[in-house]
Amino acid sequence: MRMSALTLDLLKEKLTVWKGCDLSKTANAVLGEGNPHATVMFIGEAPGQKEDELKRPFVGAAGQFLNELLASINLKREDVYISNVVKFRPPGNRDPEPIEKEQCMPWLMLEIALVQPKVIATLGRHSLGHFFPTMTITNAHGKPFKITDSITLFPIYHPAAALHNGNLRSSLLADFRALGEFLKTVK
Ligand code: URA
């Protein structure tokens, strides 16, 4: 199929019947969602229980906090695109295995190719490690890194991390403030 004929809706249809990784045998497919022409794409790790149930990304407790963080910089979910590295819930919410991330990678790459975001905001270390395995989230969070002429990477802690560690909450709010300022400079 020509890339020009591919849409996010079609991608979702295809992912729903895809059985190319073991996780797809036990979980529902969860593609990203949001503005198909978003300037900023947020990329988390993998769906959790609520996301698996509703077949939508970031709709559980972490998603609730993500909505608040977006609101703190005057953004709504509909303004941005929200996705994950892994498209299926790992059993018991364990960390995704490297092979599972690799197997799901083409779906994320196709989403990026279709949406063409100017800023990729990775949420958490799995997502950052997917793009830059040598970067650590402790050093990189809250700062822009130019990947290509048209794409900037902006690493942020995972919202779920702040639900377990109260100190990260202010760090996340500060990272979102920095992201909001950075977005003002993006044309
Ligand atoms: N955590 C993630 O990384 N992604 C989701 O969709 C939900 C929680």
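Heads up: these notes are all about the structure in this document.

The rules we used
- Residues numbered from 1 in each chain as written.
- Predicted model: local features only at pLDDT ≥ 70, side-chain atom pairs only at ≥ 80, totals over all residues.
- Heavy atoms only, no water.
- Salt bridge = Lys/Arg side-chain N within 4 Å of Asp/Glu carboxyl O.
- Helix = DSSP H or I, 4+ residues; strand = E, 2+ residues; numbered from the N terminus.
- Buried < 20%, exposed > 50% of the residue type's maximum accessible area, 1.4 Å probe, protein only.
- Expected span 1.5 Å × (residues − 1).
- Arc of directions from axis to C-beta.
- Contact = heavy atoms within 4.5 Å.
- 1 Å grid on protein atoms, 1.4 Å probe; cavity = no way out; pocket = protein on both sides within 12 Å on 5 of 7 lines; lining within 4 Å.
- Points joined across faces, edges and corners; volume = space filled by probe spheres on them.
- Nonpolar A, V, L, I, M, F, W, Y, C, P; charged D, E, K, R; others polar.
- Core = buried A, V, L, I, M, F, W, Y, C linked by side-chain atoms within 4.5 Å.
- Pairing = 2+ DSSP bridges.

**Remarks on the pattern of salt bridges**
Then step 1. The final tally for this structure, using the stated rule, is nine salt bridges.
Then step 2. Across the pair E68 and R169 runs a salt bridge whose closest N-O atoms are separated by 3.4 Å. One end of the pair, E68, is in helix α3 (residues 61-72); the other, R169, is in helix α8 (residues 167-184), with 101 residues separating them in the sequence.
Then step 3. Note on R169: relative accessible area 37%, which makes it partly exposed.
Then step 4. We note a salt bridge from K87 to E111, for which the minimum N-O separation is 2.6 Å. Of this pair, K87 sits in the loop between β3 (81-84) and α4 (98-115) while E111 sits in helix α4, placing them 24 residues apart in sequence.

**Some thoughts on α3**
Then step 1. Between its terminal C-alpha atoms α3 stretches 17 Å, which fits the 16 Å expected from 12 residues at 1.5 Å a residue.
Then step 2. Turning to α3, its buried residues are A62, G63, F65, L66, L69 and L70. All buried residues of α3 lie within an arc of 160 degrees about the axis, which places them on one face of the element.
Then step 3. Those residues of α3 hidden inside the fold are in contact with β2 (40-44), β3, α7 (159-164) and α8.
Then step 4. The positive-phi residue at the C-terminal boundary of α3 is N74, with phi of around 60 degrees.

**What to know about the environment of G32**
Then step 1. If you trace the backbone, G32 turns up in the loop between α1 (8-17) and β1 (33-34).
Then step 2. Those residues in contact with G32 that sit more than four places away from it in its chain are P57, Y81, I82, S83 and E111.

**Some points on the layout of surface pockets**
Then step 1. What the largest pocket holds in volume is close to 600 Å³.
Then step 2. E45, A46, A62, H158 and A160 are, among the 29 residues lining the largest pocket, the residues nearest its centre.
Then step 3. At the level of elements, α2 (49-54), α3, α5 (125-131) and α7 are the ones that each hand at least two residues to the lining of the largest pocket.
Then step 4. Of all the elements, α7 adds the most residues to the lining of the largest pocket, at four residues.
Then step 5. Partitioning the lining of the largest pocket into residue classes produces 14 nonpolar, nine polar and six charged.
Then step 6. Surrounding the second largest pocket, T39, V40, I73, L75, D79, V80, R177, G180, E181, L183 and K184 form its lining.
Then step 7. It is α8 that provides the largest number of residues to the lining of the second largest pocket, a total of five residues.

**Here's the deal with the nonpolar core**
Then step 1. In terms of nonpolar packing, the biggest core is built from 54 residues, with F42, I156, F176 and L179 touching the most fellow members.
Then step 2. The biggest single contributor to this core is α8, with six residues.
Then step 3. Aside from chain neighbours lying at most four places away, what touches L179 is F42, I73, V119, F154 and I156.

**Here we look at the pairing of β2**
Then step 1. For β2, the buried fraction is high: five of the five residues fall into the buried class.
Then step 2. Going residue by residue along β2, you find V40, F42 and G44 tucked away on one face and M41 and I43 tucked away on the opposite face as well.
Then step 3. Here β2 pairs with strand β4 (residues 119-122) via four bridges, running parallel. For M41, the partnering residue across the bridge sits in β4 and is I120.

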